[in-house]
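# Close look at the chain arrangement
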Amino acid sequence: MNQPVEALVEVPRPRHRIHRAWFVAAVTFVTIIGAAAFRSLPGLLIDPLHEEFDWSRGTIGLAVSINLALYGLTAPFAAALMDRFGIRRVVAVALVVIALGSGLTVWMESAWQLLLCWGLLVGLGSGSMALAFAATVTNRWFTTRRGLVTGILTAASASGQLIFLPVLAWMVEAYEWRPAAVTVALAALVVVPFVWLLLRDHPADVGLKPYGSEEFVEKPPPATGAARRAVTVLFKAARTGPFWLLAGTFAICGASTNGLIQTHFVPAAHDEGMPVPAAASLLAVIGVFDIVGTIASGWFTDRFDARRLLAVYYALRGVSLLFLPLLLTSTVHPSMIFFIVFYGLDWVATVPPTLALCREQYGEDSAIVFGWVLASHQVGAALVAVIGGVARDKFGTYDVMWVASGALCAAAALMALVIRRTGEEKVVASALT
């Protein structure tokens, strides 16, 4: 008996193409890596600038403090500007501003020029490249796997540190600090063509659904009044308890990472006789394990209670900081390596659960709310950056900073546990109306 014609025809299997969202995420990852180059430099400049210009560590710390504060305070406005003008335009301009600020430092002669170039210009540019950028891309292009993507994009900053920190430390040691500043400027400029040619603002621009979505999502019209919207969202969110708890915990996160370790670890280790390249290499190793820890945290955030994850992360970080004064010596030893690995895994593992809680509580405004929460992160970092420098000038050691930051992390762990659960978000929604 003859078989039907249809049975003799081999039906081609549909090809599973990679969704465009993953290419956008890849471009975002590379962009953040390029912008992260400047964040590798401040801790390496404290001693060289102190020796060349005789500026106090407190003054240099103030420039870093302005940079860190603007990195956070610019973020919510940048998220709103991305809604108004598009991601691609805002990010490209931000990279140019970073390059301009870093490049101009090679001609500075006075402390106010350091505050202007490294504090103001680089701070504004980097703030537009902050994690609110990653949050905006994730919210627009992904419906599922958001925790994982957030972890990957957060890890991009650590990857930039991993790539650039040893190179910049070698440059500072071999050729002084100016070639390192020029390298940072060039790294930011190199990324601009990739952003302009490859990044897209919304899935609808290329006729696609967001990754994981069953329905096509129309691109919203450009939002006007970017600054007004950013401030309005802040006032609405500030009427809810979860915002202050998230902002408080994230401020402590910034204080114990960017403000303390990233800014002062290298000079603190150098105080104990450790060569600058060796100390910088240890920070780079933090970057390696930060990638692992952040991506793992994103995976955990998709599966576990974000509040409890935050409590564990902060508690472990606090304990590790209390041991650091005992570990700093002139050589790299196994106990120090264990601290570096441990701290690296926990470095920005807090970001995916914090962003997830913002998304649960504040919905469509979550990117801007997270921008304000990130602002608190950077304000905490800014305060500790300058306080750490002043403490070093006054006491001749950083020991008091390690202990105080450990205590703050313990407080953050307790704060995370009392954040309102997802089931109670209706209370938050009613407060925002």
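Before reading further, recall that the structure is shown in the block above.
Summarised in this report is the structure supplied together with it. No experiment lies behind these values; they were computed from the predicted model shown.

### What about the overall build of the protein?
Along the backbone of the protein there are 19 helices and 0 strands. The 433 residues of the protein split such that 55% are buried. When contacts within the protein are restricted to residue pairs at least 6 apart in sequence, long-range pairs at least 24 apart make up 84% of them. When the accessible surface of the protein is totalled, it reaches about 18500 Å², and 67% of it is carbon and sulfur.

### Description of the nonpolar core
Ranked by size, the top nonpolar core spans 120 residues in total, and within it Leu41, Leu44, Leu49, Phe133, Ile261, Phe265 and Met336 carry the most contacts. At 13 residues, the largest contribution of residues to this core is made by helix 12 (residues 241-271). With near-sequence residues (within four places) excluded, Ile261 lies in contact with Ser256, Leu283, Ile286, Leu321, Leu324, Tyr343, Trp347 and Trp402. Core analysis: the second largest hydrophobic core is formed by 6 residues, Val64, Ala381, Ala382 and Ala385 among them.

### Brief notes about helix 15 (residues 334-346)
With 13 residues, helix 15 ought to run about 18 Å at 1.5 Å a step, and its terminal C-alpha atoms sit 19 Å apart, in line with that. By the burial criterion, the buried members of helix 15 are Met336, Phe339, Ile340, Tyr343, Gly344 and Asp346. End-on, the buried residues of helix 15 take up no more than an arc of 165°, which puts them together on one face. Exposed residues lying more than 90 degrees from the buried face of helix 15 are Pro334 and Phe338. Against the buried residues of helix 15 lie helix 12, helix 13 (276-301) and helix 14 (306-327).

### Details of the pattern of salt bridges
Where charged atoms of side chains with opposite charge meet at close range, the side chains can pair. What the rule picks out here adds up to 5 salt bridges. When the shortest N-O distance is used, the salt bridge between Glu52 and Arg178 registers 2.8 Å. With Glu52 in helix 3 (residues 42-53) and Arg178 in helix 10 (residues 178-198), this pair connects stretches of sequence that are 126 residues apart. We note a salt bridge from Asp305 to Arg308, for which the minimum N-O separation is 3.9 Å. Classification of Asp305 by relative accessible area gives partly exposed; the value is 22%. Connected via shared salt-bridge partners are Asp305, Arg307 and Arg308.

### Digging into helix 14
Quick reminder: α-helices carry 3.6 residues per turn. Residues three or four places apart thus point the same way. Between its first and last C-alpha, helix 14 extends 31 Å over 22 residues, near the 32 Å set by a 1.5 Å rise per residue. Between the side-chain oxygen of the N-cap and the backbone nitrogen of Arg307 there are 3.0 Å, and the N-cap of helix 14 in question is Asp305.

### Looking at the side chain of Thr257
Its place among the elements puts Thr257 in helix 12. The buried category is assigned to Thr257, whose relative accessible area is 0%.

### What about unusual backbone geometry?
Unusually for a residue other than glycine, Asp54 sits at a positive phi of about 60°. Residue classification places Asp54 among the exposed positions, given a relative accessible area of 63%. With phi around 75°, Glu176 is a residue other than glycine that occupies positive phi space.

### Notes on the environment of Val192
Along the chain, the position of Val192 falls in helix 10. We classify Val192 as buried; its relative accessible area is 18%. Note: C-alpha distance between Val192 and Thr31 (161 residues apart in sequence) is 8.1 Å. For Val192, the contacting residues outside a window of four places in its chain are Ala92, Leu95 and Val96.

### Thoughts on the packing of helix 14 against helix 16 (residues 351-362)
Interaxial distance between helix 14 and helix 16 falls to 9 Å at its minimum, and their mutual angle equals 150°. Between helix 14 and helix 16 lies a crossing whose hand is left-handed. In this structure, helix 14 uses Ala306, Arg307, Leu309, Leu310 and Tyr313 to contact helix 16, whose residues at the interface are Pro353, Thr354 and Leu357. Per-class residue counts for the contact of helix 14 with helix 16 are 6 nonpolar, 1 polar and 1 charged.

### Concerning the packing of aromatic side chains
Tallying each qualifying case throughout the model produces 14 aromatic pairs. Look at Phe142 and Tyr211: their rings are 5.7 Å apart centre to centre, the planes differ by 55°, and that puts the pair in the tilted class. Separated by 69 residues along the polypeptide, Phe142 in the loop between helix 8 (131-141) and helix 9 (146-175) and Tyr211 in the loop between helix 10 and helix 11 (226-237) bring together distant segments of the chain. For Tyr211, a relative accessible area of 25% translates into the label partly exposed. Between the aromatic rings of Phe243 and Trp244, the centroid separation amounts to 5.3 Å while the plane-to-plane angle is 80°, which identifies the pairing as edge-to-face. Under the relative-accessibility criterion, Trp244 is labelled exposed at 52%. Members of the aromatic cluster, each reached through a chain of ring pairs, are Trp22, Phe142 and Tyr211. If you follow Arg88 out to its NZ or CZ, it ends over the ring of Trp196, 4.7 Å from the centre. Here Lys394 stacks its cationic end above the ring of Phe395, 5.9 Å away from the centre of that ring.

Reading guide: rules and limits
Residues numbered from 1 in each chain as written. Predicted model: local features only at pLDDT ≥ 70, side-chain atom pairs only at ≥ 80, totals over all residues. Heavy atoms only, no water. Helix = DSSP H or I, 4+ residues; strand = E, 2+ residues; numbered from the N terminus. Buried < 20%, exposed > 50% of the residue type's maximum accessible area, 1.4 Å probe, protein only. Contact = heavy atoms within 4.5 Å. Areas by Shrake-Rupley, 256 points an atom, 1.4 Å probe, with all protein chains shown as cover. Core = buried A, V, L, I, M, F, W, Y, C linked by side-chain atoms within 4.5 Å. Expected span 1.5 Å × (residues − 1). Arc of directions from axis to C-beta. Salt bridge = Lys/Arg side-chain N within 4 Å of Asp/Glu carboxyl O. Polar contact = N/O pair within 3.5 Å; in protein donor to acceptor, adjacent residues only side chain to side chain. Axes fitted to C-alpha atoms, helices over the stretch in contact; angles between N-to-C directions. Left-handed = near helix turned anticlockwise from the far one by under 90°. Nonpolar A, V, L, I, M, F, W, Y, C, P; charged D, E, K, R; others polar. Phe/Tyr/Trp six-rings, centres within 6.5 Å; stacked < 30°, edge-to-face > 60°. Lys NZ or Arg CZ within 6 Å of the ring centre and 35° of its normal.

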